[in-house]
Protein chains: 2
Amino acid sequence: MGYLANTPRLDGLIERLESAEGLEDLQLLIEELRDRYGVDHIVYHWVAASGQQYGCGTYPMEWVNRYLEMGYLRIDPVIQGCYQRFHPVDWKRLDWSGKAARAFLQDAIAHGIGNQGFSIPIRGPNGQFALFTLSHSGPDEDWARFTDENRRDLILVAHFFNQKALEFEPGRTPDPVQPLSPRELEAMTLLAIGYSRAQAAETLSISEHTLRVYVESARFKLGAMNTTHAVARALSRGLIVV
Amino acid sequence: MGYLANTPRLDGLIERLESAEGLEDLQLLIEELRDRYGVDHIVYHWVAASGQQYGCGTYPMEWVNRYLEMGYLRIDPVIQGCYQRFHPVDWKRLDWSGKAARAFLQDAIAHGIGNQGFSIPIRGPNGQFALFTLSHSGPDEDWARFTDENRRDLILVAHFFNQKALEFEPGRTPDPVQPLSPRELEAMTLLAIGYSRAQAAETLSISEHTLRVYVESARFKLGAMNTTHAVARALSRGLIVV
DNA sequence: GCCCCCCTCGCAGTTTTTGGGGAGTGGATT
DNA sequence: AATCCACTCCCCAAAAACTGCGAGGGGGGC
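Residues numbered from 1 in each chain as written. Chains lettered and ligands numbered in written order. Predicted model: local features only at pLDDT ≥ 70, side-chain atom pairs only at ≥ 80, totals over all residues. Heavy atoms only, no water.

### Considerations on the overall build of chain A
Part 1: Each helix and strand in chain A was counted, giving ten helices and five strands.
Part 2: C-alpha atoms of chain A, sized along the principal axes, occupy 70 × 45 × 30 Å.
Part 3: For chain A, the residues scored as buried account for 51% of the 242 residues in total.
Part 4: Restricting the contact set of chain A to residue pairs at least 6 apart, pairs at least 24 apart contribute 62%.
Part 5: Carbon and sulfur atoms form 52% of the exposed surface of chain A, whose accessible area is close to 11000 Å².
Part 6: A gap of 7 Å separates the mean positions of the 24 positive and 30 negative side-chain charges of chain A. (Helix = DSSP H or I, 4+ residues; strand = E, 2+ residues; numbered from the N terminus. Buried < 20%, exposed > 50% of the residue type's maximum accessible area, 1.4 Å probe, protein only. Contact = heavy atoms within 4.5 Å. Areas by Shrake-Rupley, 256 points an atom, 1.4 Å probe, with all protein chains shown as cover. Lys, Arg positive; Asp, Glu negative; His and termini not counted. Charge placed at Lys NZ, Arg CZ, Asp CG, Glu CD.)

Next comes the structure, spelled out in structure tokens:
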């Protein structure tokens, strides 16, 4: 029992993952994966914007609901930390100072999440961001060895999970991802780094009115309400980088 | 010789990849990888928005220079296509209609890039985007079998290459991230999803003036010039998620 | 106890942005 | 050849955002 036993072969699992046809299949696979690894929980969590979550996993319902109700998304150090990282990270290496974070951790442990955790950040087009997380209750050394041994497999599994999630997600990219023109991108970039319209126009050596046309055009293409919204969308979709 | 022979073991290579200490090491590893796989070229290419390139690989110098001079970054269907994709893609599945694209392909083949290609998109924090590409000259069937057999290994290799590239990134200055208060975060989030100050204030059930205080405070903490700038910074620092 | 930060509210005036019109050039695609 | 799109420029009025002034209560840390 447990992850001390051995490292399971994942060959067949990824094939089945690739042929999954719905969230239900992913749920079954994630449960099987948890049993194979002998860890307490495995969760795939698409971290979407304004509170809207999406994913599958083995966390108890009460915890998932509590997470949503309490707005833990905003204070969860796993989210905060992984958002700035590329490589998988052990929960112990995250920043748990801060009162809210410690309270959150206590609450999580009380809900049986476990004292150990390992989260893999995954990013897709248009700023999509998701986490693939394993959690467990046990001593540090065992957990360190477990994660070290299975790191590569887990990265791959996380990748294929996210691929499927992207396939299954209908409402996440309904708007045709209309690309911005080069000039529009330049304008948005300048605004994103703090330039006023007048400054941006001067920088691009065009009239302020012309720049305004770009901003309006970009705003329209991005379906944004105002300039700030447009810049936010362009950023989170990875169209521009600051 | 060539990729028909067999599938090399990558066990040792990833370890060496993880212990690489500079771009030179990555260059050596990528050449070794090319020889092991028996393909014509392998390239890791960090695609920066501002036109700045960065990476390593086995493309001939003339081609790299020509790519930059001609501004191929803007018309390369591999870039365009992978930017909207999550999963690795064979070049044949990309959109090569368009006059510029076909001319680009002719030019690439003339420079010995090969008629086959397989590119893996990789994404990091703050909208970082890179490609890990293998290219070769040969028949379709062989290439299809090769890429199919080695897909998973290549995804992993691409991942670790990008990890190293992120470590080596020159302008990596972790500016002190001054945390925003909960109310400030709420205000910034609402603005980021398109609310006006009045709407945001109403949503939070506070006066518009109070909301303004939050925004100004957040702007000050983030060192931002205006609201749009502040939202952009909060987003790219992962303080808020939209 | 004191200080700092977070939260909340108000008024007045200036600057900037936005929304809605219109108009012409050049390049690329069809 | 026709069409579409990107790019450039202009005016005007209304809405929104910014600047600068001030005020008070509550909580946590030193």
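From this point, things continue past the structure.
### Section: the domain arrangement of chain A
Part 1: Along its sequence, chain A is organised into domain 1 (11–168) and domain 2 (182–236).
Part 2: Its C-alpha centre places domain 1 of chain A at a distance of 36 Å from the equivalent point of domain 2 of chain A. (Domains from an automatic or database assignment.)

### A short note on the pairing of strand β5 (residues 129–136) of chain B
Part 1: Counting buried residues along β5 of chain B, eight of its eight residues qualify, which places the element largely inside the surrounding structure.
Part 2: Residues Phe129, Leu131, Thr133 and Ser135 of chain B of β5 of chain B are buried on one face, and the alternating residues Ala130, Phe132, Leu134 and His136 of chain B, pointing to the opposite face, are buried as well.

### Section: the protein's contact with DNA strand D
Part 1: In the vicinity of DNA strand D, 18 residues are found, and the nearest of them are Ser181, Ser207 and Tyr214 of chain A together with Arg212 and Thr227 of chain B.
Part 2: Of what DNA strand D places within 4 Å of the protein, 63% of the atoms are sugar or phosphate.
Part 3: Contact between DNA strand D and Ser181 of chain A: a phosphate oxygen at 2.4 Å from a side-chain N or O atom of the residue.
Part 4: One of the side-chain nitrogen or oxygen atoms of Thr227 of chain B is found 2.7 Å away from a phosphate oxygen of DNA strand D.
Part 5: Among the elements that make up the surface near DNA strand D, the one with the highest residue count is helix α9 (residues 208–222) of chain A (six residues). (Near = heavy atom within 4 Å. Polar contact = N/O pair within 3.5 Å; in protein donor to acceptor, adjacent residues only side chain to side chain.)

### Observations concerning the interface of chain A and chain B
Part 1: Between chain A and chain B, the residue contacts involve 46 residues of the former and 46 residues of the latter.
Part 2: Roughly 4200 Å² of surface becomes buried between chain A and chain B when both sides are summed, with 61% attributable to carbon and sulfur atoms.
Part 3: When residues of chain A are sorted by the area they lose upon contact with chain B, Phe86, Arg152 and Thr228 of chain A head the list and together hold 18% of the total.
Part 4: On the surface where chain A and chain B come into contact, there are four salt bridges.
Part 5: Note that Arg151 of chain B and Glu18 of chain A form a salt bridge whose closest N and O atoms lie 3.0 Å from each other.
Part 6: Put simply, the parts of the chain that give the side of chain A that touches chain B at least two residues each are α1 (11–18), α4 (77–83), β4 (116–123), α6 (140–168), α7 (182–192) and α10 (227–236) of chain A.
Part 7: Among the residues forming the side of chain A that touches chain B, the class breakdown is 23 nonpolar, 15 polar and eight charged. (Buried area = accessible area lost by both parts, 1.4 Å probe. Salt bridge = Lys/Arg side-chain N within 4 Å of Asp/Glu carboxyl O. Nonpolar A, V, L, I, M, F, W, Y, C, P; charged D, E, K, R; others polar.)

### Details of the protein's contact with DNA strand C
Part 1: Lining the immediate environment of DNA strand C, one finds 20 residues, of which Arg197, Arg212, Arg219 and Thr227 of chain A together with Tyr214 of chain B sit closest.
Part 2: A share of 64% of the atoms of DNA strand C within 4 Å of the protein falls on sugar and phosphate groups.
Part 3: In this structure, Arg183 of chain B approaches DNA strand C through a side-chain N or O atom, which is 2.9 Å from a phosphate oxygen.
Part 4: At 3.2 Å from a phosphate oxygen of DNA strand C is found a side-chain nitrogen or oxygen belonging to Lys221 of chain B.
Part 5: Where the surface near DNA strand C is concerned, the elements lending two or more residues are α9 of chain A together with α7 (182–192) and α9 (208–222) of chain B.
Part 6: Counting residues per element, the surface near DNA strand C draws most heavily on α9 of chain B, which supplies six residues.

### Here we look at the packing of aromatic side chains
Aromatic ring pairs are defined here through the distance separating the ring centres and the angle between the ring planes.
All names here are of chain A.
Part 1: Across all of its chains, the model carries 24 aromatic pairs over all chains by this definition.
Part 2: Centre to centre, the rings of Tyr67 and Tyr72 are 5.9 Å apart; their planes meet at 75 degrees, and the pair counts as edge-to-face. Accessibility classification places Tyr67 together with Tyr72 in one group, the buried group.
Part 3: On the numbers, 6.0 Å between centres and 75 degrees between planes, the contact of Tyr67 with Phe104 is edge-to-face. Linking Tyr67 in helix α3 (residues 61–69) with Phe104 in helix α5 (residues 99–110), this pair joins segments that are 37 residues apart in sequence.
Part 4: Overall, Tyr67 belongs to the buried group, its relative accessible area being 10%.
Part 5: Classification of Phe104 as buried rests on a relative accessible area of 4%.
Part 6: An aromatic cluster is present here, built from Trp63, Tyr67, Tyr72, Trp96 and Phe104 joined pairwise through their rings. (Phe/Tyr/Trp six-rings, centres within 6.5 Å; stacked < 30°, edge-to-face > 60°.)

### Here's the deal with the packing of α7 of chain A against α9 of chain A
Residues and elements named next belong to chain A.
Part 1: Two elements in contact, α7 and α9, have axes whose closest approach is 9 Å; the angle formed by their N-to-C orientations is 95 degrees. What the angle tells us is that α7 and α9 run roughly perpendicular. Contact residues: Arg183, Glu184, Ala187, Met188 and Leu191 in α7; Leu211, Tyr214, Val215, Ser217, Ala218, Lys221 and Leu222 in α9.
Part 2: Residue classes in the contact of α7 with α9 are distributed as eight nonpolar, one polar and three charged. (Axes fitted to C-alpha atoms, helices over the stretch in contact; angles between N-to-C directions. Parallel < 35°, antiparallel > 145°, perpendicular 65-115°, else oblique.)

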